[in-house]
Amino acid sequence: MAWRKPTEDDLFATLSRSEVDAFREDGPFASDPVEQVLARTVEMVRGKCATSSAVRLCPDAGTIPCSLMAAAMDFAAYDVLTRLNLQVNEDRRRKREWAQEQFDAVASGRLAVESWDDMSYGAKAIAPEHATVTPPRLLD
């Protein structure tokens, strides 16, 4: 599987169009609030992926592994619903918890997700921040 940017259509797989529209109309926003929620979700997912030495991050900062897309949308949906001051039902609350467990499992290495495949993009992957860098050897 590949890495890709989550879209509004991905969110529509979890929330209804009326829920998303109500979120947009809930207050004055300088930019699209759906894009803001998706961007925050992407940052969180990429941060969890970056802590796993087994995952190579895609250089496109707006992308996440496709295998985590459903969990990411469950996570984002909860943010949308709580912003609307709606009572979040138990099913949605459990999905948010399940999503967080998935992300934590990726971070700890208990859940493997696809690493970015540089053959499909033709660019270099970003190593996790904690990757060890071997210093250059100096020869006498």
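Before any of the text, the structure's been laid out above.
Residues numbered from 1 in each chain as written. Predicted model: local features only at pLDDT ≥ 70, side-chain atom pairs only at ≥ 80, totals over all residues. Heavy atoms only, no water.

(A) Structural detail: the overall build of the chain. Within the chain one finds six helices and two strands. The N-to-C order of helical and strand elements in the chain reads β-α-α-α-β-α-α-α. In the chain, buried positions account for 35% of the 140 residues. Taking all contacts inside the chain whose residues are at least 6 apart in sequence as the whole, residues at least 24 apart take part in 73%. (Helix = DSSP H or I, 4+ residues; strand = E, 2+ residues; numbered from the N terminus. Buried < 20%, exposed > 50% of the residue type's maximum accessible area, 1.4 Å probe, protein only. Contact = heavy atoms within 4.5 Å.)

(B) Looking closely at the packing of helix α3 (residues 33-50) against helix α5 (residues 90-108). The N-to-C vectors of α3 and α5 enclose an angle of 30°; their axes lie 7 Å apart at closest approach. Once α3 is placed against α5, the crossing between them reads as right-handed. Every residue of α5 that contacts α3 at Met44, Val45, Lys48 and Cys49 is listed here: Gln100, Phe103, Asp104, Val106 and Ala107. Tallied by class, residues from the contact of α3 with α5 come to six nonpolar, one polar and two charged. (Axes fitted to C-alpha atoms, helices over the stretch in contact; angles between N-to-C directions. Left-handed = near helix turned anticlockwise from the far one by under 90°. Nonpolar A, V, L, I, M, F, W, Y, C, P; charged D, E, K, R; others polar.)

(C) Representation of the packing of aromatic side chains in the model. With the rule as written, the count across this model stands at one aromatic pair. Ring geometry for Phe75 against Phe103: centres 5.9 Å apart, planes inclined by 70°, an arrangement best described as edge-to-face. Separated by 28 residues along the polypeptide, Phe75 in helix α4 (residues 69-83) and Phe103 in helix α5 bring together distant segments of the chain. Overall, the relative accessible area of 1% leaves Phe103 in the buried class. (Phe/Tyr/Trp six-rings, centres within 6.5 Å; stacked < 30°, edge-to-face > 60°.)

(D) The arrangement of the packing of α4 against α5 in detail. Between α4 and α5, whose axes approach to 8 Å, the crossing angle comes to 135°. By the angle between their axes, α4 is oblique relative to α5. As for the relative orientation of α4 and α5, their crossing is left-handed in sense. Of the residues in α5, those touching α4 at Ala71, Ala72, Asp74, Phe75, Tyr78, Asp79 and Leu81 are Arg92, Arg93, Lys95, Arg96, Trp98, Ala99, Gln100, Gln102 and Phe103. In terms of residue class, the contact of α4 with α5 is built from eight nonpolar, two polar and six charged. (Parallel < 35°, antiparallel > 145°, perpendicular 65-115°, else oblique.)

(E) Region of the structure containing the nonpolar core. Core analysis: the largest hydrophobic core is formed by 35 residues, its most contacted members being Leu11, Val45, Cys49 and Phe103. For this core, the secondary-structure elements that each account for two or more residues are α1 (8-12), α2 (17-24), α3, α4 and α5. Per-element accounting of this core gives the leading share, nine residues, to α4. Not counting residues up to four positions away in its chain, the partners in contact with Leu11 are Val20, Val34, Met73, Ala76, Ala77 and Val80. (Core = buried A, V, L, I, M, F, W, Y, C linked by side-chain atoms within 4.5 Å.)

(F) Inspection of the pattern of salt bridges at higher detail. Taken as a whole and assessed by the stated rule, the structure comprises ten salt bridges. The salt bridge involving Arg92 is made with Glu19; its shortest N-O contact spans 3.3 Å. Remark: Glu19 occurs in helix α2 and Arg92 occurs in helix α5; sequence separation between them is 73 residues. One connected set of salt bridges, linked through shared partners, spans Glu8, Arg24 and Asp32. (Salt bridge = Lys/Arg side-chain N within 4 Å of Asp/Glu carboxyl O.)

(G) Highlighting the side chain of Asp74. Structurally, the position occupied by Asp74 is in helix α4. Of the side chains with opposite charge, Lys95 lies nearest to the buried Asp74, which makes no salt bridge, at 4.9 Å. Leaving out residues up to four positions away in the same chain, Asp74 has contacts with Thr14, Lys95, Trp98 and Ala99. (Lys, Arg positive; Asp, Glu negative; His and termini not counted.)

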